[in-house]
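Structural overview
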Amino acid sequence: MKRVALLTALWLMASTASAFELEGLWKNAEDPLWIKITNTEGELIGTIVRNDKRAETVGRVMLKNVSPKAGETGTYAGQVFVVRAGEFKRVAISAIDSNTMEFKVKVGFISGRVNWSRVEEVPEGEPV
């Protein structure tokens with residue numbers, strides 16, 4: 001009986017992680033920044049669709065060369081544009097749950113994490 005319960009729990013965890021999809025609209029947890037991740041010719045690309053702090057960045061590619069990590073469910077690798085560095089840097093993307101993801105970026109000796117939440121739409125109107 002314990003074995004059945006353990007196998008059921010493992011199956012549920014695996015099915016939740018495998019159901020994670022990067023495509024869609026995402027809001028930065030800390031800043032008024034929204035991106036849209038799309039599958040363009042087999043490549044996942046994240047484009048800025050709204051940025052209340054830097055409106056001139058709307059339309060720019062922020063995330064590129066994204067692909068699933070082999071053998072790791074719910075994790076991806078790619079490149080993200082790091083404003084302070086002025087260039088694209090490697091990023092590890094992990095599913096926290098079906099509607100939350102985390103970017104992990106390392107620039108030199110400094111590393112950072114940014115959480116993103118899935119949203120249904122980008123708000124219209126005045127900056128948030």
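Read on for a plain summary of the structure. (Residues numbered from 1 in each chain as written. Predicted model: local features only at pLDDT ≥ 70, side-chain atom pairs only at ≥ 80, totals over all residues. Heavy atoms only, no water.)

Focus on the pairing of strand E2 (residues 33–40)
Put simply, the rule reads: DSSP bridges decide pairing: two strands pair if at least two such bridges lie between them. The numbering of helices and of strands both runs from the N terminus, where a helix is a DSSP run of H or I of at least 4 residues and a strand a run of E of at least 2.
Direction of pairing for strand E1 (residues 24–28) relative to E2: antiparallel, over a ladder of 4 bridges. Along E2, the bridge assignment pairs Lys27 with Trp34. Joining the antiparallel neighbours E1 and E2 is a turn of 4 residues. For E2 and strand E3 (residues 43–51), the ladder comprises 8 bridges, and the chain directions are antiparallel. Each bridged residue has a counterpart across the sheet, and for Asn39 the counterpart in E3 is Leu44.

What to know about the sheet that holds E3
What links the strands of a sheet is backbone hydrogen bonding, and the strands pair in either a parallel or an antiparallel sense. Selection criterion: Axis lines are fitted to C-alpha atoms, over the contacting stretch for helices. Their N-to-C directions set the angle, which ranges from 0 to 180 degrees.
With antiparallel pairing, 8 strands are arranged side by side around a closed barrel as E1-E2-E3-E4-E5-E6-E7-E8. Each neighbouring strand pair of the sheet contributes to a mean axis angle of 30 degrees, computed without reference to strand direction. The pairing of strand E6 (residues 87–97) with strand E7 (residues 100–107) spans 6 bridges and is antiparallel. Paired with Val91 across the bridge in E7 is Val105.

Digging into the pairing of E6
Summarising the sheet, strand E5 (residues 75–82) and E6 pair through 8 bridges and their orientation is antiparallel. Among the inter-strand pairings, Gly78 is bridged to a residue of E6, identified as Val91. Between E5 and E6, which pair antiparallel one after the other, the connecting turn spans 4 residues, and Gly86 there sits at a positive phi close to 70 degrees. Where E6 folds back on E7, the antiparallel hairpin that results is connected by 2 residues.

Overview of unusual backbone geometry
At Glu41, a residue that is not glycine, the phi angle is positive and equals roughly 55 degrees. Of note, the phi angle at Asn65 is positive, near 55 degrees, even though the residue is not glycine. Here Asn65 is to be found in strand E4 (residues 61–68).

Focus on the environment of Leu44
For clarity, the threshold we go by: To sort residues, take the accessible area from a 1.4 Å probe on protein chains only and compare it with the maximum for the residue type: under 20% means buried, over 50% means exposed, and anything in between is partly exposed. In this analysis, two residues are considered to be in contact whenever any of their non-hydrogen atoms come within 4.5 Å of each other.
Along the polypeptide, Leu44 turns up in strand E3. A relative accessible area of 11% places Leu44 in the buried class. Put simply, Leu44 and Asn65 are 21 residues apart on the chain and 6.5 Å apart in space, counted from C-alpha to C-alpha. Every residue in contact with Leu44, bar those within four places of it in the chain, is listed here: Leu22, Glu23, Ile37, Thr38, Asn39, Leu63, Lys64, Asn65, Val66 and Tyr76.

Considering the packing of aromatic side chains
Worth spelling out the cut-off: Two rings belonging to Phe, Tyr or Trp (six-membered ring only in the last case) form a pair when the distance between their centres is within 6.5 Å. Interplanar angles under 30 degrees mark stacking, angles over 60 mark edge-to-face geometry, and anything in between is tilted. For a Lys NZ or an Arg CZ to count as sitting over a ring, it must be within 6 Å of the ring centre and within 35 degrees of the ring normal.
Applying the stated criterion across every chain, the model contains 2 aromatic pairs. Geometrically, the ring pair formed by Phe81 and Phe88 is edge-to-face, given 5.4 Å between the ring centres and 75 degrees between the ring planes. Residues Phe103 and Trp116 carry aromatic rings whose centres are separated by 5.4 Å and whose planes lie at 40 degrees to one another, so their mutual orientation is tilted. Residue Phe103 is located in strand E7, and its partner Trp116 is located in strand E8 (residues 110–119); the two are separated by 13 residues in the primary sequence. Over the ring of Trp34 we find Lys27; its NZ or CZ atom is 5.3 Å from the centre of that ring. The lysine or arginine in question, Lys64, covers the ring of Phe88, its NZ or CZ lying 4.1 Å from the ring centre.

Function cannot be inferred from these measures alone, as they are strictly geometric.
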